[in-house]
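Chain and residue survey
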2 protein chains.
Amino acid sequence: MAITVYRGNIVTSESLTKLKVIENGYVVVEDGIIKAVLEEMTDEYRNYVVRNFGDGIIIPAFSDLHMHAPQFTERGIGMDCLLFDWLNNFTFPQESGFRDIEYARKIYPQVIREFLRHGTFQVNLFSTIHYDSCDLLFKLLMESGMYAYSGKINMDSNSPDYYVESTEESISSTERFIVEHQGLSDKVKPIIIPRFAPTCSLELLKGLGELAGKYDVGLHTHLVESIAEAAWSKELFPMCASDGEIYEMTGLLQGNGPKIFAHVIFPTEVEERILKQYNCTSVHCPDATTNITAGIMPASKMLDNGYSIAIGSDVGGGHFTGIYRQISRAVQLSKMKEFYEEDYKRLIFAEAFYMATVNGGKVFGNIGKIEPGYKFNALVIDGMQDDGYKITTEQCVERFCYIGDDRNIVARFIDGQFIDPEEVYKRLIEKY
Amino acid sequence: MAITVYRGNIVTSESLTKLKVIENGYVVVEDGIIKAVLEEMTDEYRNYVVRNFGDGIIIPAFSDLHMHAPQFTERGIGMDCLLFDWLNNFTFPQESGFRDIEYARKIYPQVIREFLRHGTFQVNLFSTIHYDSCDLLFKLLMESGMYAYSGKINMDSNSPDYYVESTEESISSTERFIVEHQGLSDKVKPIIIPRFAPTCSLELLKGLGELAGKYDVGLHTHLVESIAEAAWSKELFPMCASDGEIYEMTGLLQGNGPKIFAHVIFPTEVEERILKQYNCTSVHCPDATTNITAGIMPASKMLDNGYSIAIGSDVGGGHFTGIYRQISRAVQLSKMKEFYEEDYKRLIFAEAFYMATVNGGKVFGNIGKIEPGYKFNALVIDGMQDDGYKITTEQCVERFCYIGDDRNIVARFIDGQFIDPEEVYKRLIEKY
């Protein structure tokens, strides 16, 4: 039994609205799993070597529940475009480049390094339609040590000529992907990813729905992302009352895997029913929905009503990979919604932190808290104090989410293993 | 004549809505002032030593037209508070600490280092009511090489017992401040800073108005920052039709110095007249007005109507010192305004960049462009390219404003002098 003890200030969620802070506490980790969290050292662990982080703050690592790995190179450019211009001028031409495996070999290790640098160790990813690149991404994720859902995306309709599949191809390559990747890893798992309803024919969605049932695989897609998108879906699928029903009707919600819907800005009663009934996770992506002028998810209202909401960077619609920044953005954006919409109540910091750690992490297992029984997927943050004016430990975590960066993450652990992003990157490009 | 030639990609505003990009250009600097900007090397300058920045991008340094130097230590904390809670629980207790000059000696050099790190070389600052600390800040600014307006703030009403002055004290110490600091420097100049109308009696504002005329000094204050603030001003000054008229009526707009108004979120026709008539600069502070749930300045509309708008970090209402990030935030926030308000048109990136460089810089003289006749107050930015996917020079600047940080600023110049923020900081704490 390999036991390691870490000493530092500990910050983790106590509840949806409250953080728990243990100053100078101890985290006892056995075989990658937290065995005890102590306010004071006890006799039981006194003889183990203690790794002391001093004023460092031990927090759960972050989960990014919606990110487009192939859009990594689009971060923070073309932001003057409207959504469909941005898709046609930037995203589709760029994503289509992943037909070339050499391009994927260049880009995807950089994506993983960026996640690790910013302390995001659990991810749920969009990819492209290209089998080999998707396979590579999956294997890179396995090699990295991260937790992930990844697969190949599907688009057989309303897509550019140079970036589209036939319905048959799309279904058969998705089945092949599931068969070849399911069971390869306990940490990296396949998921079905129809891009969004408008780029999928009814036949395609039905085919994917069958796979979801046959192989018990989850779903990751966009849901009521914007008024225009929701209207277009309704036009294309007139038999469905709302966006969400398209996925239900085609059988995509029948597997036991996670059902993850990005954005959910304009949920109707149909979506509300589906999100509850199928135990779905909705993903709030504050920067992305701002950048594409989509509107603001009713996150605080949904939390109050018991929906599970996680956080996503949505790079490249969002520009920045660090989920910690999306925590502060979620608070900020909720204030704008409160300003503009009567009866809407802002998010508080503790809620946004909970979304990014607890709600994101639980999709991957016992992840997202510094508590016994949880995986020790954790960060140590430091350097948030100014000289001459001391703030509290909790305020350090808030400040980190507002103005910190990867320099303030001084140690990273996945399953209790110390992670060096540059070392992992080097291994990835050497091996693949 | 000291001439230096810099080679790099050059990006500067061509107009309000367009950036000018010169790839592999040359900037000829003589005695701190740009003498020529060349697309190709000419015989005239061929024999000078060229400092080559390679793929580095030479851009104008940023101006922060509204920042509270004593609130530096409040960056990114207490963000769940509403404005008046935040003032009473965080800001007033903290600012009152500047009665102790030793505290000011600790904090203010850190503020200046932070500006320099983030490439902000022209600043317009709030301080506190304490003469000695304000004097120190002014002298530190002079020593740093930066361009600045700074002074002491005024508050004799509606302020906590522990952080308030008498009307006479407030006027006399302001006069003393102007007399003792005016003319000390061509680059750092005094300005009159009534905190905002509610913390100033009519008598105080009239006294300050006399000083503005007598010494020809400018004005820096908050204007129609929030609905609550504007309503409170109107209640306290029932003889004035709107916030702006208070400053006009009391003579504060009569000097020839700059008149700088922060926020201007709800300008009435009175404010619109005053802003034009007195050639005022309004300051957009996107993060701050989000954090305090104040609303969104009608920036694009005001630009279209010919008002001069600059950018401010408004630390600590805003959480981050880097003005480059406020450029992207201004674009983002304008999209939310477009989403919620009919007929409102978003800002484009070039406009926000213009606000942060040209409109901010001109308050300090010929500053804010890479053009002949302008001071060479400039940055070189680099490292915005990913491996394997090349973006344009203009996109690099956009990306820098969205996701870059001080690590991407690889060289800094004020008046043509190379600036090392750590070296300046060391000098400041040694000397003061």
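Residues numbered from 1 in each chain as written. Chains lettered and ligands numbered in written order. Predicted model: local features only at pLDDT ≥ 70, side-chain atom pairs only at ≥ 80, totals over all residues. Heavy atoms only, no water.

Some details on the overall build of chain A
For chain A, the helix and strand inventory stands at 14 helices and 17 strands. Relative to the globule expectation of 22 Å for 432 residues, the C-alpha radius of gyration of chain A, 21 Å, shows essentially globular dimensions. Seen along its three principal axes, the alpha-carbon backbone of chain A occupies a region of about 65 × 55 × 40 Å. Counting across all 432 residues of chain A, residues that qualify as buried make up 68%. Long-range contacts, defined as pairs at least 24 residues apart, comprise 76% of the intrachain contacts of chain A with a sequence gap of at least 6. Working note: accessible area of chain A is about 14500 Å², and carbon and sulfur atoms make up 47% of it. Computed over 41 positive and 61 negative side-chain charges, the inter-centroid distance for chain A is 4 Å. (Helix = DSSP H or I, 4+ residues; strand = E, 2+ residues; numbered from the N terminus. Rg over C-alpha atoms; globule rule 2.2 N^0.38 Å. Buried < 20%, exposed > 50% of the residue type's maximum accessible area, 1.4 Å probe, protein only. Contact = heavy atoms within 4.5 Å. Areas by Shrake-Rupley, 256 points an atom, 1.4 Å probe, with all protein chains shown as cover. Lys, Arg positive; Asp, Glu negative; His and termini not counted. Charge placed at Lys NZ, Arg CZ, Asp CG, Glu CD.)

Structural notes on the environment of Glu114 of chain B
Residue and element names in this part refer to chain B. Residue placement: Glu114 occurs in helix H2 (residues 101–117). What makes Glu114 buried here is its relative accessible area of 11%. The sequence separation of Glu114 and Phe400 amounts to 286 residues, and the corresponding C-alpha distance is 17 Å. Leave out the neighbours within four places in its chain, and Glu114 touches Phe72, Arg75 and Thr321. Reaching out from Glu114, the side chain makes a polar contact with the side chain of Thr321 at a distance of 3.4 Å. (Polar contact = N/O pair within 3.5 Å; in protein donor to acceptor, adjacent residues only side chain to side chain.)

Some points on the environment of Leu223 of chain B
Residues and elements named next belong to chain B. Structurally, the position occupied by Leu223 is in strand E11 (residues 219–223). The exposure class assigned to Leu223 is buried, which follows from its relative accessible area of 1%. Residues Leu223 and Ser233, spaced 10 residues apart in sequence, show a C-alpha to C-alpha distance of 9.8 Å. Leaving out residues up to four positions away in the same chain, Leu223 has contacts with Glu229, Asp243, Gly244, Tyr247, Phe261, Ala262, His263, Val264, Ile265, Glu271 and Leu275.

A closer look at the side chain of Ser226 of chain B
Inspection of the secondary structure puts Ser226 of chain B in the loop between E11 and helix H6 (227–236). When sequence neighbours within four positions are dropped, the list of residues in contact with Ser226 of chain B reads Phe266 and Ala294 of chain B.

Regarding the sheet that holds strand E15 (residues 378–381) of chain A
Residue and element names in this part refer to chain A. Overall, mixed pairing links the 7 strands, which are arranged E3-E2-E1-E4-E15-E16-E17 in an open sheet. Because the sheet does not close on itself, it has two edges, and the strands there are strand E3 (33–38) and strand E17 (417–418). Relative to E17, strand E16 (residues 409–414) runs antiparallel, the two being bridged by 2 bridges. Paired with Ile414 across the bridge in E17 is Gln417. Helix-sheet contacts for helix H12 (residues 349–361) involve strand E1 (3–15), strand E2 (18–30) and strand E4 (50–60), and the interaxial angle to E1 is about 125°. (Pairing = 2+ DSSP bridges. Axes fitted to C-alpha atoms, helices over the stretch in contact; angles between N-to-C directions.)

What about the domain arrangement of chain A?
Residue and element names in this part refer to chain A. By domain assignment, chain A separates into domain 1 (3–60 + 368–431) and domain 2 (62–364). A separation of 28 Å is found between the C-alpha centroids of domain 1 and domain 2. Contacts between domain 1 and domain 2 engage 37 residues on the former and 33 residues on the latter. For the pairing of domain 1 and domain 2, the buried interface totals around 3200 Å² over both sides, and the portion due to carbon and sulfur atoms is 67%. Taken together, the links from domain 1 to domain 2 amount to 5 salt bridges. Its salt-bridge partner being Arg427, residue Glu143 comes within 3.0 Å of it at the nearest N-O pair. Applying the counting criterion to the domain 1 and domain 2 interface returns 14 residue pairs in polar contact (both at pLDDT 80 or more). Elements with a minimum of two residues in the side of domain 1 that touches domain 2: E1, E2, E4, E15, helix H13 (393–403), E16 and helix H14 (421–431). With 8 residues, the single largest contributor to the side of domain 1 that touches domain 2 is H14. The class makeup of the residues in the side of domain 1 that touches domain 2 is 20 nonpolar, 6 polar and 11 charged. (Domains from an automatic or database assignment. Buried area = accessible area lost by both parts, 1.4 Å probe. Salt bridge = Lys/Arg side-chain N within 4 Å of Asp/Glu carboxyl O. Nonpolar A, V, L, I, M, F, W, Y, C, P; charged D, E, K, R; others polar.)

A look at the nonpolar core
In this structure, Phe62 and Tyr247 of chain A together with Phe62 and Tyr247 of chain B are the most contacted members of the largest nonpolar core, which totals 252 residues. In contact with Tyr247 of chain A, other than residues within four places in its own chain, are Pro194, Phe196, Ala197, Leu205, Leu219, Thr221, His222, Leu223, Leu252, Leu253 and Phe261 of chain A. (Core = buried A, V, L, I, M, F, W, Y, C linked by side-chain atoms within 4.5 Å.)

Things to note about helix H12 (residues 349–361) of chain B
Residues and elements named next belong to chain B. Taking 1.5 Å of rise per residue, 13 residues should cover 18 Å, and H12 covers 18 Å from first to last C-alpha, within 8% of that figure. Of all the bends found along H12, the most pronounced is centred on Met355 and spans about 35°. The buried fraction of H12 amounts to 13 of the 13 residues, a majority that puts the element mostly inside the structure. (Expected span 1.5 Å × (residues − 1). Bend = angle between axes of the 7 residues up to and from the residue.)

Regarding the relation of the copies chain A and chain B
Least-squares fitting of chain A to chain B yields an RMSD of 0.0 Å, with the superposition described by an axial translation of 0.0 Å and a rotation of 180°. Classification of the inter-copy transformation places it as that of a two-fold axis. No C-alpha of chain A lies nearer the rotation axis than that of Tyr340 of chain A, which sits 3.6 Å from it. Interface overlap between copies is the fraction of interface residues in one copy that are interface residues in the other; for chain A against chain B it reaches 100%, indicating a shared surface. (Least-squares fit on C-alpha atoms with pLDDT ≥ 70 in both.)

Structural notes on the packing of aromatic side chains
All names here are of chain A. Counting across every chain of the model gives 49 aromatic pairs over all chains. Measuring from ring centre to ring centre gives 6.3 Å for Phe196 and Trp232, while their planes differ by 75°; the resulting arrangement is edge-to-face. In this pair, Phe196 is assigned in the loop between strand E10 (193–194) and helix H5 (202–215) and Trp232 in helix H6 (residues 227–236), connecting sequence segments 36 residues apart. Seen in terms of ring centroids, Phe376 and Phe413 are 5.2 Å apart; in terms of plane orientation they differ by 40°. Their pairing is tilted. Within this pair, whereas Phe376 is found in the loop between H12 and E15, its partner Phe413 is found in strand E16, the two being separated by 37 residues in sequence. Grouping residues by exposure puts Phe376 and Phe413 together as buried. The structure contains a cluster of three or more aromatic residues connected by ring pairs, namely Phe62, Phe320, Tyr324, Phe349, Phe353 and Phe400. Over the aromatic face of Phe72 sits the side chain of Arg75, whose NZ or CZ is 3.9 Å from the ring centroid. (Phe/Tyr/Trp six-rings, centres within 6.5 Å; stacked < 30°, edge-to-face > 60°. Lys NZ or Arg CZ within 6 Å of the ring centre and 35° of its normal.)

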